[in-house]
Amino acid sequence: MKLIVMIISAIIAFFSWIISPFVPERTEFVVDGKYVGFSSPNQLMDNFLLLTDAEDMDGIYAIFSPKAKKEAENLQEKIPELIEFFNDNVTSWETDGGYGESSSIGGISVFRDQHQYLLHTDDTIFSCDIDLTKIDTGDSDNEGFYSILIYPDEMYQYCSGFGAITVAFIFSIQQRKCIRTIL
């Protein structure tokens, strides 16, 4: 039985490898008005940076869940600040962990992720936590980004976890402390 499973797995892997050059790479977070996201943290950040590089404020706004858009004050007005931070300060990035959780109760499935990144600048290293819901069959208003939390990595113990409380936080570079600023 194990041999059959191994052979089937090898065949699937081989055909996936053969057709992969012919499958176009998707860069959109939202397809036909629905958040679709990405399966890996690297794909998520790579494609998020495409939006910041293009200064695509509408594209960034679109990746936030309807719930986040309702709860955030002045979300659209804060997106230029986010774009400026990434374009003017971030020189490189790397993944720094994260977690996913899923539940299925009474036919309602929910898949949530928190992706963690290190953002390198000329002066310091920032942590960036992105909380999102990939799927919520009970309430599609939850699907999409919920928060982006950015803070100096050395302040992890003080700032981490705020994303679950409100829509977004941005670190105040001038005050060198973690403050709650709705994105």
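These numbers come from a predicted model, not from an experiment.

A. Main features of the pairing of strand 4 (residues 108-120). Counting buried positions along strand 4 gives 10 out of 13 residues, so the element sits mostly inside the fold. Turn length for the strand 3 (residues 92-105)-strand 4 hairpin, with the two strands adjacent in sequence and antiparallel, is 2 residues, and the turn residue G106 shows positive phi of about 60°. Both strand 4 and strand 5 (residues 125-136) contribute to a ladder of 11 bridges, which runs antiparallel. Within strand 5, the residue paired with L119 across the bridge is F126.

B. A look at the packing of helix 2 (residues 41-53) against helix 5 (residues 75-89). As a packed pair, helix 2 and helix 5 sit with axes 9 Å apart at the nearest point and diverge in direction by 105°. The orientation of helix 2 with respect to helix 5, classified from their angle, is roughly perpendicular. Between helix 2 and helix 5, the contacting residues are M45, F48, L49, T52 and D53 on the first element and L82, I83, F86 and N87 on the second. Residue classes in the contact of helix 2 with helix 5 are distributed as 6 nonpolar, 2 polar and 1 charged.

C. Spatial organisation of the pattern of salt bridges. Taken as a whole and judged by the stated rule, the model has 4 salt bridges. Between K78 and E81 there is a salt bridge, with its nearest N and O atoms 3.6 Å apart. Of this pair, K78 and E81 both sit in helix 5, 3 residues apart, which is roughly one turn of that helix. Residue classification places K78 among the partly exposed positions, given a relative accessible area of 25%. Salt-bridge contacts for R112 lead to E101; the nearest nitrogen and oxygen are separated by 3.3 Å. Taken together, the residues span a long stretch of sequence, with R112 in strand 4 and E101 in strand 3 at a distance of 11 residues. Taking relative accessible area as the criterion, R112 reaches 29% and is therefore assigned partly exposed. With relative accessibility at 41%, the residue E101 sits in the partly exposed group.

Definitions and cut-offs
- Residues numbered from 1 in each chain as written.
- Predicted model: local features only at pLDDT ≥ 70, side-chain atom pairs only at ≥ 80, totals over all residues.
- Heavy atoms only, no water.
- Buried < 20%, exposed > 50% of the residue type's maximum accessible area, 1.4 Å probe, protein only.
- Helix = DSSP H or I, 4+ residues; strand = E, 2+ residues; numbered from the N terminus.
- Pairing = 2+ DSSP bridges.
- Axes fitted to C-alpha atoms, helices over the stretch in contact; angles between N-to-C directions.
- Parallel < 35°, antiparallel > 145°, perpendicular 65-115°, else oblique.
- Contact = heavy atoms within 4.5 Å.
- Nonpolar A, V, L, I, M, F, W, Y, C, P; charged D, E, K, R; others polar.
- Salt bridge = Lys/Arg side-chain N within 4 Å of Asp/Glu carboxyl O.

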